[in-house]
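If you want the building blocks of each chain, they are given just below.
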Amino acid sequence: MKELTLILGEISAFMWGLPLVILLVGGGLFFVFHSRFLPYLHLKHALDITLGKFSKEDKAKGDLTHFQALMVALSGTLGLGNIAGVAVAITIGGAGAIFWMWVTALVGIATKFYTATLAVNYRGVDRSGRIQGGPMYVIREGLGKKWLPLAWLFCLGGMFGALPIFQINQLVQVMRDFIAIPHGLATANDHFSFDLVTGIFLCCLITYIVMGKLERLAKITSKVIPMMVICYFLLTLGVLLQNLSAIPSAFSSIFIGAFSGSSVAGGFIGAVVLTGVQRGAFSNEAGIGTESMAHGAAKTNEPTREGLVATLGPIVDTLIVCTCTALAILVTDIGDLQLTGVSLTAQVFEQAFPNIGGYLLTLVVFFLSTSTVLTFWYYGSKCAEFLLGKRFEQGYVWFYLCLIIVGAVSSLALVINLIDIMYALMAIPTMISTVLLAPKVTEQAKIYFDKYHG
């Protein structure tokens, strides 16, 4: 297992090298200037669309309202990438990695606008005759069949990158640390039985929801996500209010660390940038392409409209939620520096709210991680259907559900490396196809704003 972890780590480091960083950040900057800052200038309009102001005009094919599409997309991004992923970024890249997560999110606003607009504009029909959206359909319908290998590459990455092992692994870890061990249900050295039983319970719960398909998923995420975001924001606000005097130095460490290169891994600025961009991509998925599958299911005939809705994603999940996590960690004096991932974040809340902080975070993590797992099931199954057909899609769903149990007892390092590799595989075809089709997005945007604001 250790050898496999090392091998996957080397592959991940190679794939997340400078070329991919240039593709994600450089591509995002290209969209910023290509759009002439259009997504940033219409954030209020994006909010109006999301809240249903134009819902009567959207009598189109699709499965989700604009709000539901955003909530499903956010349930995929607002998970442990925002809680555990930020802690991993600080542990590996230092405080400066957070600055580069912000950069990824800021340019990601433009990237999301382009990918979600294309997901609606180039919707296609799957093998069952259902209308679908996502990078694989954008490539097939927008670029033509000669580009299909790029679509297959995305689907391969999507099938494995959407697997539930990271989310479940970290959920079980926080449940073990704050429920099982304190109550004698497990020990620090002997917790396999608890992990296994918890994994089986989560598998049964998620199977029930999965059987309800996208409609049940949309109903659940539309209720859970707003509630959990507010709850988590109040938790972190409580930590920050207790440490007001430390907030300026926390911000200072982020900006200084971003350019001083004081990272744990490597000790040079490149490691800080790579860590920040990598964790930022894992947090908001801008340029990865998964969330555009949710936006592609929106009920609308206006591609630009859903593109604008998608721009709210990076603002909520990275600029707000990830910043809350980062500041809560940086202002708190954590004695045990050996902690990482969700355990580090949990320790922050336990220290701020003795005896209840860990339980409160466990509750938030439970809902966010399970909603992410549900959304990732939807993404992975769509990729499986596109690549190998309906029968394989059904088999993939059961394989996915079984991996919930595997994730409960897996190594964190192995899990992170595997997911990172798959995210890189998805980013390459998503960004290439989006750059090639960028003129179509600006053309759609001009038509839309001439129609509604002319």
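Residues numbered from 1 in each chain as written. Predicted model: local features only at pLDDT ≥ 70, side-chain atom pairs only at ≥ 80, totals over all residues. Heavy atoms only, no water.

## Re the overall build of the protein chain
Summing up its helical and strand segments, the protein chain has 22 helices and 2 strands in all. Within the span of the protein chain, comprising 454 residues, buried residues form 60% of the whole. Long-range contacts, defined as pairs at least 24 residues apart, comprise 85% of the intrachain contacts of the protein chain with a sequence gap of at least 6. (Helix = DSSP H or I, 4+ residues; strand = E, 2+ residues; numbered from the N terminus. Buried < 20%, exposed > 50% of the residue type's maximum accessible area, 1.4 Å probe, protein only. Contact = heavy atoms within 4.5 Å.)

## Topic: unusual backbone geometry
In this structure, Phe37 is a non-glycine residue whose phi angle is positive, near 65°. Relative to the elements of secondary structure, Phe37 occurs in the loop between α2 (18-34) and α3 (38-41). The class for Phe37 is partly exposed, based on a relative accessible area of 40%. With a phi angle near 75°, Asn355 is a residue other than glycine that sits in the positive phi range. Mapped onto the secondary structure, Asn355 falls in the loop between α18 (341-352) and α19 (357-388). Exposure remark for Asn355: the relative accessible area of 59% places this residue in the exposed category.

## What about the pattern of salt bridges?
Working definition: two side chains of opposite charge can pair if their charged atoms are close together. One pass over the structure, following the stated rule, counts 8 salt bridges. Between Arg130 and Asp126 there is a salt bridge, with its nearest N and O atoms 2.9 Å apart. By relative accessible area, Asp126 is classed as buried at 7%. A salt bridge links Lys390 to Glu393; its shortest N-O distance comes to 3.5 Å. Taken as a pair, Lys390 and Glu393 lie in helix α20 (residues 390-408) at a separation of 3 residues, close to a single helical turn. Within the structure, one salt-bridge network assembled from shared partners comprises Asp126, Arg130, Lys390 and Glu393. (Salt bridge = Lys/Arg side-chain N within 4 Å of Asp/Glu carboxyl O.)

## Section: helix α5 (residues 66-77)
Its 12 residues give α5 an end-to-end C-alpha distance of 17 Å, which sits within 8% of 16 Å, the value for a rise of 1.5 Å per residue. When you tally the buried positions in α5, you get 11 out of 12 residues, the bulk of the element. (Expected span 1.5 Å × (residues − 1).)

## Brief notes about the side chain of Thr430
Inspection of the secondary structure puts Thr430 in helix α21 (residues 412-436). Here Ile288 takes part through its backbone oxygen, which lies 2.9 Å from a polar atom of the side chain of Thr430. The residues touching Thr430, leaving out its near neighbours within four places in the chain, are Thr115, Pro135, Phe154, Gly287, Ile288 and Gly289. (Polar contact = N/O pair within 3.5 Å; in protein donor to acceptor, adjacent residues only side chain to side chain.)

## Notes on the side chain of Thr304
Note on placement: Thr304 falls in helix α16 (residues 303-310). Of note is the side chain of Thr304, whose polar atom sits 3.4 Å from the backbone nitrogen of Ala445. Every residue in contact with Thr304, bar those within four places of it in the chain, is listed here: Phe113, Thr117, Gln444, Ala445, Tyr448 and Phe449.

## What about the state of the cysteines?
Across all of its chains, the model carries 0 disulfides by this definition. Here Cys203 is not cross-linked by a disulfide; its sulfur's nearest cysteine counterpart is in Cys204, at 5.6 Å. No disulfide involves Cys322; its sulfur sits 9.3 Å from the nearest other cysteine sulfur, which is in Cys324. Of the residues examined, Cys322 reaches a relative accessible area of 3% and is grouped as buried. (Disulfide = S-S within 2.5 Å.)

## Here's the deal with the packing of helix α7 (residues 96-121) against helix α13 (residues 247-260)
The axes of two packed helices give the description: the angle between them and the distance between them. Two numbers describe how α7 lies on α13: the axes approach to 6 Å, and their chain directions differ by 85°. One way to sum up the angle between α7 and α13 is to call them roughly perpendicular. Along its contact with α7, which presents Gly96, Ile98, Phe99, Trp100 and Trp102, the element α13 presents Phe251, Ser253, Ile254, Phe255, Gly257, Ala258 and Phe259. A class-by-class count of the residues in the contact of α7 with α13 yields 9 nonpolar, 3 polar and no charged. (Axes fitted to C-alpha atoms, helices over the stretch in contact; angles between N-to-C directions. Parallel < 35°, antiparallel > 145°, perpendicular 65-115°, else oblique. Nonpolar A, V, L, I, M, F, W, Y, C, P; charged D, E, K, R; others polar.)

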